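Residue-level structural notes
One letter stands for each residue in the lines below.
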Number of protein chains: 2
Amino acid sequence: MQESTTVPAAFTEDAAYAAGCAWVDGAYLPIADARIPITDTGFTRSDCTYDVVAVWHGRFFRLDAHLARFERSWQALRLSPPLDRDGMAAVLHECVRRSGLRDAYVEMVVTRGSPPPGVRDPRRFANRFYAFAIPYVWIATPEVQARGLHLAIARDVVRIPPQAVDPRVKNFHWADLTRGLFEAYEREAETVVLLNAAGEVTEGPGFNLFAWCDDVLWTPAAGVLEGITRDTVLALAAEHGLATRVAAFDAALLARADEIFLTSTAGGIMPVSRLDGRPVGDGRPGEITRALSDNYWRAHDEPRWSTPVQY
Amino acid sequence: MQESTTVPAAFTEDAAYAAGCAWVDGAYLPIADARIPITDTGFTRSDCTYDVVAVWHGRFFRLDAHLARFERSWQALRLSPPLDRDGMAAVLHECVRRSGLRDAYVEMVVTRGSPPPGVRDPRRFANRFYAFAIPYVWIATPEVQARGLHLAIARDVVRIPPQAVDPRVKNFHWADLTRGLFEAYEREAETVVLLNAAGEVTEGPGFNLFAWCDDVLWTPAAGVLEGITRDTVLALAAEHGLATRVAAFDAALLARADEIFLTSTAGGIMPVSRLDGRPVGDGRPGEITRALSDNYWRAHDEPRWSTPVQY
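Nothing here was measured: the structure is a model prediction, and the numbers come from that model.

1. Regarding the packing of helix α2 (residues 63-76) of chain A against helix α3 (residues 85-99) of chain A
Residue and element names in this part refer to chain A. Relative orientation of the contacting elements α2 and α3 amounts to 125 degrees, with a least axis distance of 11 Å. It follows from the interaxial angle that α2 and α3 lie oblique. In the crossing of α2 with α3, the sense of the turn from one axis to the other is right-handed. Contacts between α2 and α3 involve L63, D64, L67, A68, F70, E71 and W74 from the former and R85, M88, A89, L92 and H93 from the latter. Here the contact of α2 with α3 is built from residues that sort into eight nonpolar, one polar and three charged.

Have a look at this one:
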């Protein structure tokens, strides 16, 4: 993992944006002042989709891939954002530029919007686009990643099935994940992965999961977000000649895995060193995980994967 | 159904609130100005619970029952709102009083709140309470109710199962319901009811469902919100000597039902006159439905069910 760098607030466009900059209703605002209408059904029905792209060392990582997935998501929900893809990209650049952040967590959301008075039909709402850039978010900090995370497998909750909510359309329906997280805390773990009703491994709060087992790198095929970091790991693994398998598997495979790691735009490739209180492998981040993580962070500086922010 | 009445804006505390009044962060605001932080995980994780109580003819309908359910909901999510039950009730009264509305839709929400910088652990967020009163909302207007609704049974989506998200904790996880609603529109119906994975009837966007079949009034037992209107209907049915059955049933029972109706705080007891394009009974709102609806609206004026707003 590489050092994070931040331009001091004095060098930014405006110090008011140093904690983050948002775009709401056509205006740029300091993140602390950024608010959405309480009547937006993006809130009151969670009728929205979002995406998150990282900025690292002043460069967007795979911005086009994120914008393309985001477009598939809002189209699936039959949303019509007020900006096209180029317009959105321009807003994201400007949010980061105003914040002055070199390492940022950049979120974009399209919501259904607020019902006009007396109207219940969501086809008649004016859809909204919001975006913000804040300092880079770590699901697990570099310090925690150095020793590896303690992961619990949820027992009291299952993942929302794709037949109800399509997890490929990135969404805020996190009640199952949050319930799992509280269960993990009770069992003195740090985060959680959920199974589906058939007992197959799915995903956790904000991440996909990989297991290195029988000299193959496994990740669940279905019932999960098709994460950009997950996709990047599959590409890097292929480049390094690692066998990969995108398929269903159950908790028994995790229990005998040599290595486990979690992937997210908010934290990268995060080693798991304990599973339900027992060590994974020798109880330290594994070699495969470390090699992929090094390559992942290196990729953030490479023009084939990343594009400079227009500061 | 009774006539709706509204005090003209000139008689309200402040005409600015005539379209509705909200309570956000300790201040009362006109509904159009009421906003929540874009970083509140009530939005970005839908990590929140809510309740809706009606005001009709200047009286709250079953306010205590709503506040009690709301308390069970936020306790289930391990939320700690900044106001106690009496404090919340006072805010709800004041929102209605400022709006001057005699018939209102009054919503209260507790959210997990915004992450402090660098914090991911939801146990460390300061929880928030929001509330607002707006003009009474009709899922189906009185005009539509007079002829009955056209209801579709969703085929392309199932209800989120209780093993993932407990529907008794009233929540904004509506992606399945919204997906079903769009499916209904495509099939030229007006609203939708979802089945679970076992093919059992559950609920629709904002309502419970009842069927009058074989001289018994049926409503699903599990996998649904325990609606206050549903509870009121069961009580009124018992008072009138109708047999009721709270149990699982499938779409076949709906297909042969003599009457079907939907229940919600936002619309009351709403007759269904067509199911997937075919008439229910004789294709007009039924006698049982009409009798229950009359009693339901009458109950809104009765002190045993309702309490006057402190205008």
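2. What about the interface of chain A and chain B?
The interface of chain A with chain B comprises 56 residues on the first partner and 56 residues on the second. Where chain A abuts chain B, roughly 4,700 Å² becomes buried across the two surfaces, and 63% of that area is made up of carbon and sulfur atoms. When residues of chain A are sorted by the area they lose upon contact with chain B, R35(A), I38(A) and F43(A) head the list and together hold 16% of the total. Among the salt bridges present, the one from E186(A) reaches R78(B), with a minimum N-O distance of 2.7 Å. Linking chain A to chain B there are 17 residue pairs in polar contact (both at pLDDT 80 or more). Elements represented by at least two residues in the side of chain A that touches chain B include exactly β3 (35-37), α1 (41-44), β4 (48-56), β6 (104-111), β7 (128-135) and α5 (175-186) of chain A.

3. Observations regarding the sheet that holds strand β5 (residues 59-61) of chain A
Residues and elements named next belong to chain A. Taken together, seven strands build an open sheet; the order of strands is β2-β1-β7-β6-β4-β5-β16 and the sheet is antiparallel. Since the sheet does not close on itself, it has two edges, and those belong to β2 (27-30) and β16 (306-308), each with one partner. Across the sheet, the mean angle separating the axes of adjacent strands is 25 degrees when strand polarity is ignored.

4. Considerations on unusual backbone geometry
Unlike most non-glycine residues, S46(A) shows phi in positive territory, near 45 degrees. Residue placement: S46(A) occurs in the loop between α1 and β4. On the basis of relative accessibility, which here comes to 4%, the residue S46(A) falls in the buried class. One non-glycine residue, D214(B), lies in positive phi territory at about 55 degrees. Among the structural elements, D214(B) can be located in the loop between β10 (208-213) and β11 (216-219). By relative accessible area, D214(B) is classed as partly exposed at 48%.

5. Structural notes on the sheet that holds strand β4 (residues 48-56) of chain B
Residue and element names in this part refer to chain B. Strand order in this open sheet of seven strands is β2-β1-β7-β6-β4-β5-β16, and the pairing throughout is antiparallel. At either margin of the open sheet sits one strand with a lone partner, and together these are β2 (27-30) and β16 (306-308). Adjacent strand axes in the sheet meet at a mean angle of 25 degrees when their direction is disregarded. As paired elements, strand β1 (residues 21-24) and β2 share four bridges and run antiparallel to each other.

6. Overview of the relation of the copies chain A and chain B
Between chain A and chain B, the superposition needs a rotation of 180 degrees and an axial shift of 0.0 Å, giving an RMSD of 0.0 Å. The superposition operator between the copies reduces to a two-fold rotation axis. The fraction of interface residues of chain A whose copies in chain B are also interface residues reaches 100%, indicating that both copies meet through the same surface.

7. Remarks on the nonpolar core
Counting 106 residues, the largest nonpolar core has L254(A), I260(A), L254(B) and I260(B) as the members making the most contacts within it. If we ignore the near neighbours within four places in the chain, the residues touching I260(B) are L151(B), L209(B), F210(B), A211(B), L254(B), M270(B), P271(B), V272(B), L275(B), V280(B) and T289(B).

8. Quick word on the side chain of T191(B)
Within the secondary structure, T191(B) is located in strand β9 (residues 191-193). Residue contacts for T191(B): discarding those within four places in its chain leaves H150(B), L151(B), A152(B), L181(B), A184(B), P205(B), F207(B) and L262(B).

9. A short note on the environment of R179(A)
You can see R179(A) is positioned in helix α5. In this structure R179(A) touches D156(A), V157(A), P162(B), Q163(B), A164(B), V165(B) and D166(B), once residues within four positions along its chain are discounted.

10. What about the domain arrangement of chain A?
Residue and element names in this part refer to chain A. Parsing chain A into structural domains produces domain 1 (9-136) and domain 2 (142-299). At the interface, 22 residues of domain 1 touch 20 residues of domain 2. Carbon and sulfur atoms make up 64% of the surface buried where domain 1 meets domain 2, a total of about 1,700 Å² over both sides. In terms of surface lost to domain 2, no three residues of domain 1 exceed Y50, F61 and R69, which account for 38% of the buried area on that side.

11. Overview of the packing of aromatic side chains
Summed over all chains, the structure comprises 32 aromatic pairs over all chains. Taken together, a centroid distance of 6.5 Å and an interplanar angle of 80 degrees make the contact between F43(A) and Y130(B) edge-to-face. Here Y130(B) lies in strand β7 (residues 128-135) and F43(A) lies in helix α1, a pairing that spans two chains. Each member of the pair F43(A) and Y130(B) is classed as buried. When the ring of W138(B) is compared with that of W297(B), the centres are 5.8 Å apart and the planes differ by 40 degrees; the resulting orientation is tilted. Placement of W138(B) in the loop between β7 and α4 (142-147) and of W297(B) in helix α8 (residues 287-299) is noted, with a sequence separation of 159 residues between them. The residues W138(B) and W297(B) share a single accessibility class, namely buried. Members of the aromatic cluster, connected to one another through ring pairs, are W56(A), F61(A), Y136(A), W138(A), Y296(A), W297(A) and W305(A). Against the face of W174(B) rests R45(A), its NZ or CZ located 3.8 Å from the ring centre.

Cut-off values and rules
Starting afresh in each chain, residues are numbered from 1 along the sequence in its written order. Lettering of chains starts at A and numbering of ligands starts at 1, both following the order in which they are written. Since the coordinates come from a predicted model, pLDDT governs what is reported: local features require at least 70, and pairs of side-chain atoms require 80 or more to be given and counted, while whole-chain, interface and lining totals use all residues. Hydrogens and water are ignored here; the side-chain numbers use all heavy atoms of the structure. Helix axes are fitted to C-alpha atoms over the stretch in contact, other axes to C-alpha atoms as well, and angles between N-to-C directions run from 0 to 180 degrees. Numbering of helices and strands starts at the N terminus; helices are DSSP runs of H or I of at least 4 residues and strands are runs of E of at least 2. Roughly parallel here means an angle under 35 degrees, roughly antiparallel means over 145, roughly perpendicular means 65 to 115, and every remaining angle is called oblique. Here a crossing is taken to be left-handed if its near helix is turned anticlockwise relative to the far helix by less than a right angle, and right-handed if that turn runs clockwise. For this analysis, residues touch if any pair of their heavy atoms sits within 4.5 Å. For this scheme, ten residues count as nonpolar: Ala, Val, Leu, Ile, Met, Phe, Trp, Tyr, Cys and Pro. Four count as charged, namely Asp, Glu, Lys and Arg, and the remainder, Gly too, count as polar. When two components associate, each loses some accessible surface as probed by a 1.4 Å sphere; the sum of these losses over both components is called the buried area. A carboxyl oxygen of Asp or Glu within 4 Å of a side-chain nitrogen of Lys or Arg is what we treat as a salt bridge. Counting of polar contacts relies on pairs of N or O atoms within 3.5 Å, with two restrictions inside protein: one atom must be capable of donating a hydrogen and the other of accepting it, and residues adjacent in sequence are counted only when both atoms are side-chain atoms. Paired strands are those between which DSSP finds at least two bridges. Using a 1.4 Å probe on the protein chains alone, a residue whose accessible area is under 20% of its type maximum counts as buried, one over 50% counts as exposed, and one in between counts as partly exposed. The copies are overlaid by a least-squares fit using only the C-alpha atoms of residues whose pLDDT is at least 70 in both copies. Only buried residues count toward a nonpolar core, which is a set of Ala, Val, Leu, Ile, Met, Phe, Trp, Tyr and Cys residues joined through side-chain atoms within 4.5 Å. For the domain bounds, the source is a domain assignment made automatically or taken from a database. Two rings from Phe, Tyr or Trp (for Trp, the six-membered ring) form a pair when their centres sit within 6.5 Å of each other. Planes less than 30 degrees apart are called stacked, planes more than 60 degrees apart edge-to-face, and all others tilted. Put simply, a charge is over a ring when the Lys NZ or the Arg CZ is close to the ring centre, within 6 Å, and near the line of the ring normal, within 35 degrees.

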